[in-house]
Structures are given as C-alpha cells and as structure tokens.
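Chain residues, written in single-letter form:
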Amino acid sequence: MSEFEQLYREVILDHYKAPRNHGVLEAPDAIAEGQNPLCGDEVTLSVRFGDGDVIEEVGFEGRGCAISQAATSMLTDLVKGRTASEVSAMPKDELLEEIGIPLTPVRLKCALLGLGVLKVALHKAKGTPLPEEWGTSSGDITLG
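An account of the accompanying structure is given in this report. (Residues numbered from 1 in each chain as written. Predicted model: local features only at pLDDT ≥ 70, side-chain atom pairs only at ≥ 80, totals over all residues. Heavy atoms only, no water.)

## Brief notes about the packing of helix α1 (residues 3-17) against helix α2 (residues 66-79)
- Orientation of α1 relative to α2, taken along the N-to-C sense of each, is 85°, at an axis distance of 8 Å. Comparing their axes, α2 and α1 come out roughly perpendicular. Side by side, α1 and α2 meet where Val11, Ile12, His15 and Tyr16 of the first sit next to Ala66, Ile67, Gln69, Ala70, Ser73, Met74 and Asp77 of the second.
- Of the residues that constitute the contact of α1 with α2, the class distribution is 7 nonpolar, 3 polar and 1 charged. (Axes fitted to C-alpha atoms, helices over the stretch in contact; angles between N-to-C directions. Helix = DSSP H or I, 4+ residues; strand = E, 2+ residues; numbered from the N terminus. Parallel < 35°, antiparallel > 145°, perpendicular 65-115°, else oblique. Contact = heavy atoms within 4.5 Å. Nonpolar A, V, L, I, M, F, W, Y, C, P; charged D, E, K, R; others polar.)

Okay, here's the thing in structure tokens:
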C-alpha cells in the first residue's frame, strides 16, 4: 500500500469514526433518503439553503459500511457554499477523488449513495435534474 493510500484510508476512518455534519437538520428545506439493498447501507440527507439557493447547512444520518458513511461525511463538507444547481451537476468523480482510494464496483455504489440521495433532495426541493447514472432503475440503489 502506498503512502497516499494509507493517508486516504486514515482520512476515511476519521470521517467514519467522527462524521462531519452528522444529524438530520430541524426544519430542512430539502430532505431525501436512500438505501443500497445490496449491502444494507442507508443514508438520509437534509439541506438548508441561504440566498441564491446556496447550501448553507447539510446534515446526514445513516448506517452501513465505513465507505458509505465516510463518503457521505466528506460530501457534506464538499457541498457547503455551493448552489443547488452546481451540486446537481457535480460529477461523481469529484467525490471519488476526495475519497482517494480505488474502489471495487460494490464499494463504488456504497461511496456514491450519499451523492445520489443529495441530488434527489435537491431535485425535490429545487427541481434540479435527477441523476441517471445511479442504477436506480435496476434496483441497485433505492432513493426516496
């Protein structure tokens, strides 16, 4: 394992053990939940907007593997200060770069669950486009 991979693994463990922005916000402007039935990961994301649809606060709750929970924690830090439309257009590769380690196809679904759920919340609240690449039509990920 390279020094970089070890560093990223430590960052993932830190986010898993001490998640940032943990907890669903009271009176959110947007909220959605999703599950990955393949492994049982669950995430609920809530958002509060400021002026110009800028994400001021974001919170999450969930349970599941370290990758799904750490990636969602990392995501909440990434999106603060961005607009709903910017986040709805955010490529999954941006989050994957933040995670920083190679992931198997199963772990990839774990890592991207939070991003898919966040995009659904933004769609419900602001009418932003829904992502098509999450595998929701095949039942790999269930978003609500």
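Moving on, there is more to tell.
## What about unusual backbone geometry?
- For asparagine 21, which is not a glycine, the phi torsion comes out positive at approximately 55°.
- Examined against the element boundaries, asparagine 21 turns out to sit in the loop between α1 and β1 (30-36).
- Positive phi, normally seen in glycine, also occurs at aspartate 53, with a value near 60°.
- Turning to its location among the elements, aspartate 53 is positioned in the loop between β2 (41-49) and β3 (55-63).

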